Amino acid sequence: MTRKTLRNRTLCAASLMALVSGSTAWAQSMTDVQSVAKERGLSTAELLAAAKTFTPTGMKDEYVIFSSGGHSGQVFVIGVPSMRLLRTIAVFTPESWQGWGFGVGNEILDEGNVSGKENRWGDTHHPALSETNGDYDGEWLFINDKSNARIAVIDLRDFETKQIVKNPLFINDHGGAFVPPNTEYIFQTAQYNVPWGADYAPMSEYKDNFRGAVTMWKFDRKKGRIDKEKSFAIELPPYWQDIADCGKLVSDGYFFLNSINTELATGGIEQKKPPFEAGVSMNATDYLHIIDWKKAEKVYQAGRTTEIKGFPVIPLDVAIEEGLLHLTPEPRSPHGVDVAPKGDFIVVSGKLDPHTTIYSFDKINKAIASKNFSGEDEFGVPVLDFDSVVEAQVEVGLGPLHTQFGPDGYAYTSLFLDSAVARWTLGGQYGSMNPEPDWTLVQKTPVHYNIGHLGAAEGDTVSPDGKYLVAYNKWSVDRFVSTGPLLPQNFQLLDISQQGTEMPVIYDMPMGIGEPHYAQIIKADKLKPWAVYPEIGWDPMTQSVDPYAPRPKMERVERKGEHEVEVYMTSVRSHFTPEHVTVKQGDKVTWRITNTERAIDATHGFSIPVYNITLSLEAGETAKIEFIADTAGTFPFYCTEFCSALHLEMMGYLMVEPNE
Ligand code: K7E
Ligand code: CUA
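Residues numbered from 1 in each chain as written. Chains lettered and ligands numbered in written order. Predicted model: local features only at pLDDT ≥ 70, side-chain atom pairs only at ≥ 80, totals over all residues. Heavy atoms only, no water.

Caption draft 1: Spotlight on the overall build of the protein. Within the protein one finds 11 helices and 44 strands. Its C-alpha atoms give the protein a radius of gyration of 27 Å, within 12% of the compact-globule value 26 Å for 660 residues. Counting only C-alpha atoms and orienting by the principal axes, one finds that the protein spans roughly 80 × 75 × 50 Å. In the protein, which comprises 660 residues, the share counted as buried stands at 58%. Accessible surface, the protein: about 27,400 Å² in total, of which carbon and sulfur atoms supply 54%. With 59 positive and 86 negative side-chain charges, the protein shows a spacing of 4 Å between the two charge centroids. (Helix = DSSP H or I, 4+ residues; strand = E, 2+ residues; numbered from the N terminus. Rg over C-alpha atoms; globule rule 2.2 N^0.38 Å. Buried < 20%, exposed > 50% of the residue type's maximum accessible area, 1.4 Å probe, protein only. Areas by Shrake-Rupley, 256 points an atom, 1.4 Å probe, with all protein chains shown as cover. Lys, Arg positive; Asp, Glu negative; His and termini not counted. Charge placed at Lys NZ, Arg CZ, Asp CG, Glu CD.)

Structure, rendered in structure tokens:
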């Protein structure tokens, strides 16, 4: 029996038995399976979990997770159900394996410099896959940096970062990146508020001078870049704006945004004032912001903006007057806000309230139309009457944070304090299983430990897949071999394919390279990455052929004027051409290299000691590095990828002749 036919079999006991008489050396008999299970102390449920996740050689994953990397500043790509890390994507932080920030990528990293200071890390929280009609289209990925209010654009043809934009108005964001169903914009909202541009103002001026905002970055899909010239912001009260979500289908055109600190607390524990943790949690309710972004777009286009820090901003009074901003109360310390697949319900979880609160978009619409306000906040923003917009509340457990959805009328909420995933029914007309409105907790599965976000397969789109759910747990405590006081996070895979009650944990994946927050799970076949760059001499920064790219037979070292040298180099298994590069101390060196390979996976590295240069050149790629040869000496450059049997020989010398 071949591996392929084996793979296509359902791995149930019966088929395992059928294999017994086969010739496959490793699968001897069910008796062997039982004895291994006994030896390792595995239960039947655990054997089943292994069968559901074990991915034999050659088999590929059905789904792909794009995970934030927290303060590693990166994005991680993981296969489901194998839970194997497939690669990292270098974003805000230099990464030497990908050569990111050690010769190439520097211009993009520099776009993210803040106040003229080099900034070389990020705190990534919320990835957003580009969408078409509310479904992931597998083309682009956006991610925020909470620490310095930046958004990065990643091209999923080559899984590389192409752009970083810094928000000119605020210094910190949490609500981002979020995209509407057709990715017209990327939303980014301020969190810890500051005066515009993070200018100085004393804390006593918090209410008057500190401001919240949401920025709508226009995404130009053709260019694959954020178009800053068509982007704008809306001024908001200085609450701490938190997580958000875009409306979809019936609620397309709306943006829902949580907030905490409607108390306008300013901390000061050292002056015996309530510390932030208490000060921001005093009110029984905070505010859900309801923003009509299509109306905001029209207001911006009509020019009703003020320029602040060189950026067009719709002032708060204009936003109120135009009726594009409303608030409504939400239970204390809200964290997640998640729009249901049909766009009709908005689920909010308050960390300090054991319920999820479900708002009806229809009721919100009616309340806005009939001006059913319970009042206004202290900045004059109308507040929709809570009872008139809430559809239901479901008691799910302690510390509810985030919600995802299945295809069958289920919602799934992470419970930080309970360390559990709650499955509950989303009432209304969802699926045949819920003909009547029904808002009920169905089941809770414990996870280990302290789950933050959770992700279900395509679970925040208009057509969730169900099947798998991943708990992104914050603590791992005793789950893995100790690695000292800094422990990995724990990604736990849950099988949610069975309607009814069971949703067992079937895999634990230690995440030891960052602290993920949100992650999205896309069907693998929606991704269409390039196997190699389309043509030799491809510049990934422009996604086109670079006319200056070195090509075979045109390699050379060319002196341009007295102090400038250009190097045109190619790399192919297993040599660089040229192998000797001689320059004079003090020369400005522009060094271009093309990897002329066409074979899949034929990557060459390129590194120069002392000069802090390391590149990763994928098949077809060309790169340009520039440096001043200020240190004289003899420097072997070499290929850092083990690319062939003669890879050790893939080297050369940079000779920098000293000035006399
Ligand atoms: Cu960690 Cu979305 Cu930044 Cu919740 S956030 S957990
Ligand atoms: Cu090319 Cu090693």
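Caption draft 2: Region of the structure containing the packing of aromatic side chains. Counted by the stated rule, this structure contains 32 aromatic pairs. With centroids separated by 5.7 Å and ring planes inclined at 45 degrees, the aromatic side chains of Tyr239 and Tyr287 adopt a geometry described as tilted. Residue Tyr239 is located in the loop between strand S11 (225–236) and strand S12 (240–246), and its partner Tyr287 is located in strand S14 (residues 285–292); the two are separated by 48 residues in the primary sequence. Judged by centre distance (5.3 Å) and plane angle (50 degrees), the ring pair of Trp591 and Phe606 falls under tilted. Highlighted residues: Trp591 in strand S39 (residues 588–595) and Phe606 in strand S40 (residues 604–608), separated in sequence by 15 residues. Comparing Trp591 with Phe606, the two get one shared label, buried. The ring of Tyr185 has Lys218 lying over it, and the distance from NZ or CZ to the ring centre is 4.8 Å. (Phe/Tyr/Trp six-rings, centres within 6.5 Å; stacked < 30°, edge-to-face > 60°. Lys NZ or Arg CZ within 6 Å of the ring centre and 35° of its normal.)

Caption draft 3: The arrangement of the nonpolar core in detail. By size, the foremost hydrophobic cluster in this structure holds 38 residues, and its most contacted members are Phe187, Phe232, Ile234, Phe255, Ile291, Ile314 and Leu325. Once residues lying within four places of it in the same chain are set aside, the contact partners of Phe232 are Tyr185, Val214, Thr215, Met216, Ala296, Glu297, Tyr300, Phe311, Pro312 and Ile314. The next biggest cluster of nonpolar side chains, apart from the first, holds 27 residues, and it includes Val567, Trp591, Ile613 and Phe637. (Core = buried A, V, L, I, M, F, W, Y, C linked by side-chain atoms within 4.5 Å. Contact = heavy atoms within 4.5 Å.)

Caption draft 4: Molecular detail of the site of ligand 1. The environment of ligand 1 is formed by His125, His126, His174, Ile243, His335, His402, Gly452, His453, Lys474 and His517. Of the residues contributing to the shell around ligand 1, the split by class is one nonpolar, eight polar and one charged. (Near = heavy atom within 4 Å. Nonpolar A, V, L, I, M, F, W, Y, C, P; charged D, E, K, R; others polar.)

Caption draft 5: Region of the structure containing the sheet that holds strand S30 (residues 489–495). Strands sit in the order S28-S29-S30-S31 across an open sheet of four strands; the sheet is antiparallel. Each end of this open sheet is capped by a strand with a single partner; those strands are strand S28 (451–457) and strand S31 (505–511). Taking each pair of neighbouring strands and ignoring which way they run, the sheet shows an average axis angle of 20 degrees. Running at roughly 65 degrees to S31, helix H4 (residues 44–53) makes contact with S30 and S31 of the sheet. (Pairing = 2+ DSSP bridges. Axes fitted to C-alpha atoms, helices over the stretch in contact; angles between N-to-C directions.)

Caption draft 6: Main features of the side chain of Gln74. Assignment of secondary structure puts Gln74 in the loop between strand S1 (63–68) and strand S2 (75–80). A distance of 2.8 Å separates a polar atom in the side chain of Gln74 from the backbone oxygen of Thr93. Other than its neighbours up to four places away in sequence, Gln74 contacts Ser67, Ser68, Gly69, Ile89, Ala90, Val91, Phe92, Thr93, Pro94, Glu95 and Thr124. (Polar contact = N/O pair within 3.5 Å; in protein donor to acceptor, adjacent residues only side chain to side chain.)

Caption draft 7: Expanded view of the sheet that holds strand S20 (residues 355–360). Taken in spatial order, the four strands of this open sheet run S18-S19-S20-S23, and their pairing is antiparallel. Looking at strand neighbours, the two that pair on one side only are strand S18 (334–339) and strand S23 (390–395), the edges of this open sheet. Strand-to-strand, the axes of this sheet are offset by a mean angle of 20 degrees, without reference to chain direction. Examined bridge by bridge, S20 and S23 share five bridges and lie antiparallel to one another. Note that in S23 the partner of Ile358 across the bridge is Ala392.

Caption draft 8: Looking closely at unusual backbone geometry. Cis geometry is adopted by the peptide bond preceding Pro81, which originates at Val80 and carries an omega value of 15 degrees. Residue Ala177 is bonded to the preceding Gly176 through a cis peptide linkage, with omega at 0 degrees. Mapped onto the fold, Ala177 is located in strand S8 (residues 173–178). Although it is not a glycine, Met83 adopts a positive phi angle of roughly 60 degrees. Residue placement: Met83 occurs in the loop between S2 and strand S3 (85–89). Met83 gets classed as buried once you look at its relative accessible area, which sits at 4%. A positive phi angle, near 80 degrees, is found at Asp601, a position not held by glycine. Looking at the secondary structure, you find Asp601 in the loop between S39 and S40.

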